[in-house]
Amino acid sequence: MNVFAAEFVGTSLLLAMGSGVVANVVLNKTKGFNSGWIVITTAWALGVFIGVVVAGPYSGAHLNPAVSIGLAIAGDFDWALVPKYVLAQVLGAMFGSGIAWLVYKDHFDATDDPELKFAPFGTVPAIRNLSSNLLSEMVGTSVLIIVILYSTGPVLEDGQNTPIGLGSLGALPVAFLVWVIGLSLGGTTGYAINPARDLGPRIMHQLLPIKGKGPSDWAYSWVPIVGPILGAAVAAGIYLLLGVGGMV
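Note that the structure is a prediction, hence the values are computed from the model and not measured.

> What's the story with the packing of helix α1 (residues 3–26) against helix α4 (residues 82–103) in this structure? I'm lost.
Two quantities define a packed helix pair, namely the angle between the helix axes and the distance between the axes. One can describe the packing of α1 onto α4 by two numbers: an axis separation of 6 Å at closest approach and a directional angle of 35 degrees. Note that α1 runs across α4; the crossing there is right-handed. Residues Val3, Phe4, Glu7, Phe8, Thr11, Ser12, Leu15, Ala16, Ser19 and Gly20 of α1 pack against Lys84, Tyr85, Leu87, Ala88, Gln89, Leu91, Gly92, Ala93, Phe95, Gly96, Ser97 and Ala100 of α4.

> Explanation requested: the pattern of salt bridges in the structure shown.
Where charged atoms from two side chains of opposite charge come close, those side chains can pair. Overall, the coordinates contain three salt bridges when judged by the stated rule. Of the charged contacts, one joins Arg128 and Asp217 as a salt bridge, the two residues approaching to 2.6 Å between their closest N and O atoms. Of this pair, Arg128 sits in the loop between α6 (114–118) and α7 (130–150) while Asp217 sits in the loop between α9 (195–207) and α10 (223–244); the two residues are 89 residues apart in sequence, bridging distant segments of the chain.

> When you look at the environment of Lys213 in this model, what are you seeing that I'm missing?
Among the secondary structure elements, Lys213 is positioned in the loop between α9 and α10. When the C-alpha atoms of Lys213 and Asp198 are compared, they prove to be 17 Å apart, with 15 residues separating the residues in sequence. Among residues more than four places away in sequence, those in contact with Lys213 are Pro114, Lys117, His205, Gln206, Leu207 and Leu208. Here Leu208 takes part through its backbone oxygen, which lies 2.8 Å from a polar atom of the side chain of Lys213.

> Mind showing me how you'd approach the packing of α1 against helix α2 (residues 37–59) here?
Taken N-terminus to C-terminus, the directions of α1 and α2 make an angle of 170 degrees; their axes are 8 Å apart at the nearest point. The angle between α1 and α2 falls in the class roughly antiparallel.

> Got a minute to help me understand the environment of Phe77 in this structure?
Turning to its location among the elements, Phe77 is positioned in the loop between α3 (65–73) and α4. Exposure remark for Phe77: the relative accessible area of 14% places this residue in the buried category. For Phe77 and Ser12, which are 65 residues apart along the polypeptide, the C-alpha to C-alpha distance reads 22 Å. The contact partners of Phe77, leaving out residues within four places of it in the chain, are His62, Ser68, Leu71, Ala72, Val82 and Tyr85.

> Got a minute to help me understand the packing of aromatic side chains in this structure?
Two aromatic rings are characterised by how far apart their centres lie and by the angle between their planes. Counted by the stated rule, this structure contains six aromatic pairs. Here Phe77 and Tyr85 contribute two aromatic rings whose centre-to-centre distance is 4.8 Å and whose plane-to-plane angle is 70 degrees, an arrangement assigned as edge-to-face. Exposure class is identical for Phe77 and Tyr85. Each is buried.

> Got a minute to help me understand the nonpolar core in this structure?
Soluble globular proteins tend to pack their nonpolar side chains together in the buried interior. Ranked by size, the top nonpolar core spans 50 residues in total, and within it Val21, Trp44, Phe108, Phe121, Leu144, Ile145 and Leu149 carry the most contacts. If you list the elements that add at least two residues to this core, you get α1, α2, α3, α4, α7, α8 (172–185), α9 and α10. No other element matches the eight residues that α1 contributes to this core.

> Looking at this model, I keep getting lost on α7. Mind explaining?
Spacing of three or four residues puts side chains on the same side of an α-helix, whose turn is 3.6 residues. In this model, α7 (21 residues) spans 30 Å end to end at C-alpha, consistent with the 30 Å of a helix rising 1.5 Å per residue. The set of residues buried in α7 consists of Asn133, Leu134, Ser136, Glu137, Gly140, Thr141, Ser142, Leu144, Ile145 and Leu149.

About the criteria used
Throughout, a residue's number is its position along its own chain's written sequence, starting from 1. Given that the model is predicted, a residue must reach a pLDDT of at least 70 before its local features are reported, and side-chain atom pairs must reach 80 or more before they are shown or counted; all residues, however, enter totals for whole chains, interfaces and linings. Each side-chain value is worked out from all heavy atoms of the structure, with water and hydrogens disregarded. Each axis is a line fitted through C-alpha atoms, taken for helices only over the stretch in contact, and angles between the N-to-C directions span 0 to 180 degrees. Helix numbers and strand numbers start at the N terminus; a helix is a DSSP run of H or I with at least 4 residues, a strand a run of E with at least 2. Throughout, a crossing is termed right-handed when the near helix is turned clockwise from the far one, and left-handed when it is turned anticlockwise from it by less than a right angle. We call two residues in contact whenever any of their non-hydrogen atoms come within 4.5 Å of each other. A pairing counts as a salt bridge when a side-chain nitrogen of Lys or Arg comes within 4 Å of a carboxyl oxygen of Asp or Glu. By the criterion applied in these results, polar contacts are pairs of N or O atoms within 3.5 Å in which, for protein atoms, one can donate a hydrogen and the other can accept it, and in which residues neighboring in sequence qualify only through two side-chain atoms. Roughly parallel means an angle under 35 degrees; roughly antiparallel means over 145; roughly perpendicular covers 65 to 115; every other angle is labelled oblique. Think of it in three bands: with a 1.4 Å probe and only protein chains considered, a residue is buried below 20% of the maximum accessible area for its type, exposed above 50%, and partly exposed in between. Here the aromatic set is Phe, Tyr and Trp, taking the six-membered ring for Trp, and pairing holds for ring centres within 6.5 Å; pairs whose planes are under 30 degrees apart are stacked, those over 60 apart are edge-to-face, and all others are tilted. As used here, the term nonpolar core means buried Ala, Val, Leu, Ile, Met, Phe, Trp, Tyr and Cys residues forming a set that is joined through side-chain atoms within 4.5 Å. Here the expected span of a helix is defined as 1.5 Å times the quantity of residues minus one.

This is how it looks when you write it as structure tokens:
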């Protein structure tokens, strides 16, 4: 695959699993109805795992504009590639959430609450306080990016630090990272920590013929876009200050 296809497919898989698990938990008459936060956070983490497995060898599996921007600020990624990656990520998120809607269409139809119909597509804060919501997205994304920036692959102690290939298992660390962010910091906003993950599905909620749907809450939509981008910038700044800048 080329990098555009890899980011599209990887993000599609992520959102098919992520939107799918939320639908499974909140929509009426599903097998997973009301199974809770642990199920949601676990499936999102494993969705990251399968997306990284597929896209990693071809694009590095950013699957998230905040990752692409954070790496570019840190000097580890070419700024010229950022627009292509972001477009693929948003389109992939749209496609993946659309697949989840098709799979669960009968359950969308069987659910009356428009807020529950929206939940598989976009994040909604538990308490709507935009400054606090923005901070939550910034902090969660900062943790994501700073850990990614400091992550290293396993090497042999042979004097040359020869890399050891882990194959698909190499995607596990980032899955665990997303899992712990969701469990620890995700209770306030639903932890978008990824502008594409929220914007793409929100667009799909607006466009799809979902029976009895409510508004797509565009007044809040800037928070899961701006917050993760600011968080990525903060994390990259810390990385440059502590690492490249030689402050520590």
